[in-house]
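# Remarks on the overall topology
Each chain, written out:
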Amino acid sequence: MKSTSPLNVLSDFSMDDRTVHIHPNDGFDLGLMTTEYVVRLYVGDSTDPDQIDESAFAYGKILLKNSVRGGQVELGLKAAEKLNGSRSAVLRFATGEKYGTLLVNPSS
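For clarity, every value in this text was computed on a predicted model and none was experimentally measured.

## Quick look at the side chain of aspartate 26
Topologically, aspartate 26 is positioned in helix H1 (residues 24-29). For the buried aspartate 26, no salt bridge is present, and the opposite-charge side chain at shortest range is arginine 69, 10 Å distant. Excluding anything up to four places from it in sequence, aspartate 26 contacts Thr4, Leu7, Arg69, Gly70, Gly71 and Gln72.

## Brief notes about the packing of aromatic side chains
Under the counting rule described, the total for this entry stands at two aromatic pairs. Centroid distance tyrosine 42 to phenylalanine 57: 6.0 Å. Interplanar angle 55 degrees. Geometry classified as tilted. With a gap of 15 residues between them, tyrosine 42 in strand E4 (residues 36-43) and phenylalanine 57 in the loop between E4 and strand E5 (58-64) connect regions that are remote in the sequence. Grouping residues by exposure puts tyrosine 42 and phenylalanine 57 together as buried. Each ring, one from tyrosine 59 and one from tyrosine 99, has its centre 5.4 Å from the other, and the planes form 65 degrees; the classification is edge-to-face. Here the residue tyrosine 59 occupies a position in strand E5, and tyrosine 99 occupies one in the loop between strand E7 (88-94) and strand E8 (100-106), the gap between them amounting to 40 residues. By relative accessible area, which is 46% here, tyrosine 59 ends up partly exposed.

So, how was this worked out
Residues numbered from 1 in each chain as written. Predicted model: local features only at pLDDT ≥ 70, side-chain atom pairs only at ≥ 80, totals over all residues. Heavy atoms only, no water. Helix = DSSP H or I, 4+ residues; strand = E, 2+ residues; numbered from the N terminus. Buried < 20%, exposed > 50% of the residue type's maximum accessible area, 1.4 Å probe, protein only. Lys, Arg positive; Asp, Glu negative; His and termini not counted. Salt bridge = Lys/Arg side-chain N within 4 Å of Asp/Glu carboxyl O. Contact = heavy atoms within 4.5 Å. Phe/Tyr/Trp six-rings, centres within 6.5 Å; stacked < 30°, edge-to-face > 60°.

Now the structure itself:
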């Protein structure tokens, strides 16, 4: 599973809670090369996808956008609240047969 360094969290009430925006350079750290991916998305504390109940995942999108500053991640307000007040997060990505799995975890 590939991961980013801790990214500063920016939350926006106008964003969908199943959408994640990052800079393409941060996406490269995850092995992502194109601008948009459909993923199984989990936002929370657990870092092992095998230990997370399937109902905790939502199908969403990760978008690589040049308009996002490097070192930042943009999340919807409800998704950011699942980080328990943490202002930084680590993204972890694993490829799958059909969809990849993206974990957004608070960094300590």
